[in-house]
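Descriptive structure summary
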Amino acid sequence: NRMFESFSKQWYQRRVRGDRLKSAVSDAPDFPRPGILFKDIMPIFQDPKLVADTCAALVKEVLSIGKPDVIIGIEARGFLIGPIMAQQMDVPFVAIRKKGKLPRECYTVKYEKEYGVDEFDMQTDALSAGQKVVVVDDLLATGGTLEAAAKLCDMAKADVMAHCVMFELDFLK
């Protein structure tokens, strides 16, 4: 079992007012399937100040444990904050995508998520052995996507420093 380290509870309570961030997220019941309560974070991106505050707070938390060599974003919503964080830390950004979306040779891993099974790819030349990485996604639900990302990093022999998410869905634990 891999220990998932996220910063959401720490940073939104101290640095970004939790009410401000939480109120920007909307619920979409029965999406994408009946019985699923989908958390729509897209309204956050209608408030540039909230995006800036959120990314700055996440960067500060990441840097408190050390500077990574690479930020990795998980498709698709990890692509929204991951590149901003990478730019602010002056480190490269690497994408983990759904199977079949990346050219060239890829590592592939199957994973279970809260509503099915899927596969992720990461290009085999995206990371070097020993690089310190932080995996970024929008939320932690069951941990399936973060665990899949960690497995891809393991295949590349990179070291996952932390998993960084905006929200944790405590009701799924």
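Details of the structure are given in the entry above.
Residues numbered from 1 in each chain as written. Predicted model: local features only at pLDDT ≥ 70, side-chain atom pairs only at ≥ 80, totals over all residues. Heavy atoms only, no water.

Okay, unusual backbone geometry next. At the junction of Phe31 and Pro32, the peptide bond is cis and its omega measures out at 5° in the coordinates. The omega angle of the peptide bond from Glu75 to Ala76 is -5°, so this bond is cis rather than trans. Positionally, Ala76 belongs in the loop between strand S3 (70-74) and helix H4 (78-89). A positive phi is found at Asp30, a non-glycine position, where the angle reads about 60°. Structurally, the position occupied by Asp30 is in the loop between strand S1 (26-29) and strand S2 (37-40). Positive phi outside glycine occurs at Arg104, with the angle close to 70°. By relative accessible area, Arg104 is classed as exposed at 55%. (Helix = DSSP H or I, 4+ residues; strand = E, 2+ residues; numbered from the N terminus. Buried < 20%, exposed > 50% of the residue type's maximum accessible area, 1.4 Å probe, protein only.)

Membership of the largest hydrophobic core comes to 25 residues, with the highest contact counts inside it found for Ile44, Met85, Met166 and Phe167. Counting residues per element, the ones that place at least two in this core are helix H2 (18-24), helix H3 (48-63), H4, strand S7 (132-140) and strand S8 (159-168). The biggest single contributor to this core is H3, with six residues. Counting residues in each nonpolar core, the second largest holds 23 residues, with Met122, Leu127, Val133 and Leu140 among its members. (Core = buried A, V, L, I, M, F, W, Y, C linked by side-chain atoms within 4.5 Å.)

Looking now at the packing of H3 against H4. At their nearest, the axes of H3 and H4 sit 10 Å apart, and the two run at 60° to each other. As the angle between them shows, H3 and H4 are arranged oblique. In this structure, the crossing between H3 and H4 has a hand that is right-handed. Contacts from Val51, Cys55, Ala56, Leu58, Val59, Val62 and Leu63 of H3 reach H4 at Ile81, Ile84, Met85, Gln88 and Met89. (Axes fitted to C-alpha atoms, helices over the stretch in contact; angles between N-to-C directions. Parallel < 35°, antiparallel > 145°, perpendicular 65-115°, else oblique. Left-handed = near helix turned anticlockwise from the far one by under 90°. Contact = heavy atoms within 4.5 Å.)

Glancing now at the environment of Glu112. In this structure, Glu112 sits in strand S5 (residues 106-113). The class for Glu112 is exposed, based on a relative accessible area of 59%. Sequence separation between Glu112 and Thr142 is 30 residues, and the spatial gap between their C-alpha atoms is 8.9 Å. Contact partners of Glu112, with chain neighbours within four places excluded, come to Val117 and Gly144.

Time to look at the sheet that holds S8. Taken together, six strands build an open sheet; the order of strands is S5-S6-S4-S3-S7-S8 and the sheet is mixed. Sheet topology places S5 and S8 at the edges, where each strand pairs with a single neighbour. Across the sheet, the axes of successive neighbouring strands diverge by a mean angle of 25°, strand direction being ignored. Pairing of S3 with strand S4 (residues 93-98), which is carried by four bridges, proceeds in the parallel orientation. (Pairing = 2+ DSSP bridges.)

What follows covers the environment of Lys132. Following the sequence through the fold, Lys132 ends up in strand S7. Dropping the residues within four chain positions of it, Lys132 is found in contact with Lys67, Pro68, Asp69, Val70, Asp159 and Met161.

Interpretation in functional terms is not warranted from these geometric data alone.
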